[in-house]
Protein chains: 2
Amino acid sequence: MATQKELAKLAGVSAGTVSNVISGSVRVSKGYREKVLSAVRALNYQPNLIARSLKTNRTRTLGMVVPDITIPFFPKIVRGAESAARERGYFLIVLDSEHNHAREVDMMNLLRSQRVEGILLVAAGGSKEALETPGSVGYGPPIVYLDRVPRGIEADSVSVDDRKAAEMGVSHLLARGHTEIAIITGPLTLKNEQERLRGYRQALQRGGVPVRDSLIWPGSFNRDDVVRICHRGLLRPAGRPSALFATNGVTGLEALRSIYAAGLETPRDIAFVTFDELTTDDFFQPGITSVLQPTFDIGHRAVEVLLNRIEKGRPNRTPDKIRLPATLVVRESSDLRSPKTRP
Amino acid sequence: MATQKELAKLAGVSAGTVSNVISGSVRVSKGYREKVLSAVRALNYQPNLIARSLKTNRTRTLGMVVPDITIPFFPKIVRGAESAARERGYFLIVLDSEHNHAREVDMMNLLRSQRVEGILLVAAGGSKEALETPGSVGYGPPIVYLDRVPRGIEADSVSVDDRKAAEMGVSHLLARGHTEIAIITGPLTLKNEQERLRGYRQALQRGGVPVRDSLIWPGSFNRDDVVRICHRGLLRPAGRPSALFATNGVTGLEALRSIYAAGLETPRDIAFVTFDELTTDDFFQPGITSVLQPTFDIGHRAVEVLLNRIEKGRPNRTPDKIRLPATLVVRESSDLRSPKTRP
DNA sequence: CCAATTTCGTGAGACGACTCAAACCGGGCA
DNA sequence: TGCCCGGTTTGAGTCGTCTCACGAAATTGG
């Protein structure tokens, strides 16, 4: 592919002039500019961003690492991030850590080697280490944590107010008259899941309903585990709860599957509310009442936070810790003992 | 961040020696190597891939452009591609064209500027131009077309045998005794969709069942359109078909929604078969009989084809045109007039 | 019409890593 | 002892682009 030197020869000007025309940083007289631009067209010149980056020490590229691109929740965040990045003239590289912390560290180092100017991280979760290692390196591009906020470190983050979101979902069930509300969580090693559980507790307490341990079902992201736990809970001798609240989409999908597998119908036999959307859009009949996280916004805001840090050049100012609210979308699955809606 | 020059100073050796240790291409005596490596650790050195690429003219990076990362079909292909890339020591950058051809061209140019060594393209589709432009540029990194194969150009491609896949789905319905089989397609500007329609025709002909135009419903990727078309078809005076075949996941989801909206139940009132999975896994009750494309393999094979072209360095050999078979997964939605399965 | 000022193109020298040819060094052999 | 040889290390040059200081040309004003 053509280089600026070749353009310079063809246009009969110096290499410096070509560079000035291309980068647009220095003004070049009309005649020379035209000569260069026609050479650009003639040779179908594309600037070599590699060389440019080497010289300028800027890549206008952001990196993003997510735990699993095949979970619908993440592509939506990616969309938001990509959109914000593009608006500000940046390029976004997305990598998938496959829930694996070691791999995540590799990807972060790869991004650093690629000299990205900032990193958006949805941590692989699980171990404490998982959240702390990347930040603790202490140099390299700034990191913004999405969705999952590290405990110890002071860092920029964009997340959802999990406690309030869960409280909202559970309060909705209380308002519908339910008092026997079970909760099925994801892994409680994740702070998000702990917070959602706290929101559940808080909602019950505010509603004057006793919290019963037998209705708290700690789950995981393993689909089989969730099905087993729900199965046991739904068929327990003491009678099944009148409502079930799931704290994330993966768990929610399996919980709903378990409800059906147990021969139950929602909302006829049990009311159901879940975090996140279970399909790309409202498809289920009956529709599922959901606590929706602002996925697009999470990505979008995170990029804004990151770029402000990068461009404003105040690397040590206090971190932005943004919490976004979730919304409750009420659909049929939480109607109180209404007949099934599918004709 | 540290550079090789700084390492050299710290280790008391020349820059060339440091480079030899890092790249491992030239053997360095043990003593010197140790000195360099301890400097690497001391300064937490990360090689600058930008500089390396500029010199070596290699990036070990592949680019991938998909029309819409939020459609579940694509992340699955991305996973396969990413996995194959990683196996061979390459890095994959994924971009989203948002079904927009102009944007797609931008992304391709961006990838070229980034000096990716090859591009995996799921074309934005629609116009003929959409498929031909990128290839017609005639220089730059090799391109492998995935899923959607360009008409005019001789190029590497990995796709599914759409005709056979559709034939398989329709034959299944015929074997179940259906003769009134309607088909709802995506936009027939896409060759894939045309082929799937041909597969439908072929299956009917082989089965000795007349092809009736009134049962061919050309659709689009617009959800409202699909709902409207299905609604009209399902409620038409001549009576509704006994089975419906959808040629892709997007259309299939809307078609199923329409069936429910019309107050029908599957398979009780109408049998239903679709291309692709409608949710991340088999969730629906009753389960939906589906023609599944080997998504992971499409991505995986595409990277292999691409890397063979890149590494084998035979840029002009005849193109690889790989066609993978789909599989039919039979579930309840195509049972013949069985009672509804959900209790 | 010339001096003072502005405008603009030039060319050299980075950026960080790699890659040669050349220099070096220690043994082995005559 | 001197020479050669293979194995290592060095140092200079390079990749494509940007960015200066510099000087030449054009413009302005008195």
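What you are looking at is a predicted structure, and each value in this text was computed from that prediction instead of being measured.

Thresholds applied
Residues numbered from 1 in each chain as written. Chains lettered and ligands numbered in written order. Predicted model: local features only at pLDDT ≥ 70, side-chain atom pairs only at ≥ 80, totals over all residues. Heavy atoms only, no water. Near = heavy atom within 4 Å. Polar contact = N/O pair within 3.5 Å; in protein donor to acceptor, adjacent residues only side chain to side chain. Phe/Tyr/Trp six-rings, centres within 6.5 Å; stacked < 30°, edge-to-face > 60°. Helix = DSSP H or I, 4+ residues; strand = E, 2+ residues; numbered from the N terminus. Buried < 20%, exposed > 50% of the residue type's maximum accessible area, 1.4 Å probe, protein only. Least-squares fit on C-alpha atoms with pLDDT ≥ 70 in both. Contact = heavy atoms within 4.5 Å. Domains from an automatic or database assignment. Buried area = accessible area lost by both parts, 1.4 Å probe. 1 Å grid on protein atoms, 1.4 Å probe; cavity = no way out; pocket = protein on both sides within 12 Å on 5 of 7 lines; lining within 4 Å. Points joined across faces, edges and corners; volume = space filled by probe spheres on them. Nonpolar A, V, L, I, M, F, W, Y, C, P; charged D, E, K, R; others polar. Pairing = 2+ DSSP bridges. Axes fitted to C-alpha atoms, helices over the stretch in contact; angles between N-to-C directions. Salt bridge = Lys/Arg side-chain N within 4 Å of Asp/Glu carboxyl O. Parallel < 35°, antiparallel > 145°, perpendicular 65-115°, else oblique. Left-handed = near helix turned anticlockwise from the far one by under 90°.

### Thoughts on the protein's contact with DNA strand C
With respect to spatial proximity, 23 residues lie near DNA strand C, and among them Thr17(A), Ser29(A), Gln4(B), Tyr45(B) and Arg52(B) are the closest. In DNA strand C, the atoms that sit within 4 Å of the protein are 77% sugar and phosphate, with bases accounting for the remainder. Contacts to DNA strand C include Thr17(A), whose side-chain N or O atom sits 2.5 Å from a phosphate oxygen. Tyr45(B) is positioned with one of its side-chain polar atoms (N or O) 2.6 Å from a phosphate oxygen of DNA strand C.

### A few points about the packing of aromatic side chains
Residues and elements named next belong to chain B. One pass over the full model with this rule turns up four aromatic pairs over all chains. Measuring from ring centre to ring centre gives 6.1 Å for Phe-245 and Phe-275, while their planes differ by 65°; the resulting arrangement is edge-to-face. With Phe-245 in strand S8 (residues 243-246) and Phe-275 in strand S9 (residues 271-275), the pair connects residues that are 30 residues apart, well separated along the chain. For the residue pair Phe-245 and Phe-275, the accessibility class agrees, reading buried in each case.

### Some remarks on the relation of the copies chain A and chain B
The transform that puts chain A on chain B rotates by 180° and translates by 0.0 Å along the axis, for an RMSD of 0.1 Å. The superposition operator between the copies reduces to a two-fold rotation axis. An overlap of 100% is found between the interface residues of chain A and their copies at the interface of chain B, pointing to a shared contact surface.

### Some details on the domain arrangement of chain A
All names here are of chain A. With domains assigned, chain A is organised as domain 1 (4-47), domain 2 (60-160 + 295-324) and domain 3 (162-293 + 328-334). The C-alpha-based centres of domain 2 and domain 3 are spaced at 29 Å. Across the boundary between the two partners, domain 2 contributes 13 residues, which contact 13 residues of domain 3. Between domain 2 and domain 3 the total buried area reaches about 1,100 Å² when both faces are included, carbon and sulfur atoms providing 47% of it. By the criterion of area lost to domain 3, the three top residues of domain 2 are Arg-148, Arg-151 and Val-160, representing 40% of everything that side buries.

### Concerning empty space enclosed by the protein
One pass over the structure, following the stated rule, counts seven cavities of 30 Å³ or more. A volume near 190 Å³ is recorded for the largest cavity. Along the walls of the largest cavity sit 15 residues, with Ile69(A), Val94(A), Ile69(B), Val78(B) and Val94(B) positioned nearest its centre. Secondary structure elements with two or more residues in the lining of the largest cavity: helix H5 (73-87) and strand S2 (91-96) of chain A together with helix H5 (73-87) and strand S2 (91-96) of chain B. Looking at the lining of the largest cavity residue by residue, the classes come out as 10 nonpolar, no polar and five charged.

### With respect to the sheet that holds strand S10 (residues 289-292) of chain B
Residue and element names in this part refer to chain B. Spatially, six strands are ordered S7-S6-S8-S9-S10-S12 in an open sheet, and the strand pairing comes out mixed. Either end of the sheet is taken by a strand with one partner, and the two such strands are strand S7 (216-217) and strand S12 (327-329). Pairing geometry for S9 and S10, over three bridges, is parallel. Opposite Thr-274, over in S10, you have Ser-290 as the bridge partner. Taken strand by strand, helix H11 (residues 249-261) contacts strand S6 (181-184), S8 and S9, and its axis lies near 160° from that of S9.

### A look at the pattern of salt bridges
According to the stated counting rule, one finds 49 salt bridges over all chains in the structure shown. The salt bridge partner of Arg86(B) is Glu98(A), with a shortest N-O separation of 3.2 Å. In this pair, Arg86(B) sits in helix H5 while Glu98(A) sits in the loop between S2 and helix H6 (101-113), so the two residues belong to two different chains. We note a salt bridge from Arg58(B) to Glu117(B), for which the minimum N-O separation is 2.6 Å. Taken together, the residues span a long stretch of sequence, with Arg58(B) in the loop between helix H4 (49-56) and strand S1 (61-66) and Glu117(B) in the loop between helix H6 (101-113) and strand S3 (118-121) at a distance of 59 residues. Its relative accessible area of 34% is what places Arg58(B) among the partly exposed residues.

### So, the packing of helix H1 (residues 4-11) of chain B against helix H3 (residues 30-43) of chain B
All names here are of chain B. For the pair H1 and H3, interaxial distance at closest approach is 9 Å and the crossing angle is 120°. Relative to H3, H1 is oriented oblique. Where H1 crosses over H3, the two elements pack in a sense that is right-handed. Seen from H1, the contacting residues are Glu-6, Leu-7, Leu-10 and Ala-11; seen from H3, they are Lys-35, Val-36, Ala-39, Val-40, Ala-42 and Leu-43. Of the residues in the contact of H1 with H3, the class split is eight nonpolar, no polar and two charged.

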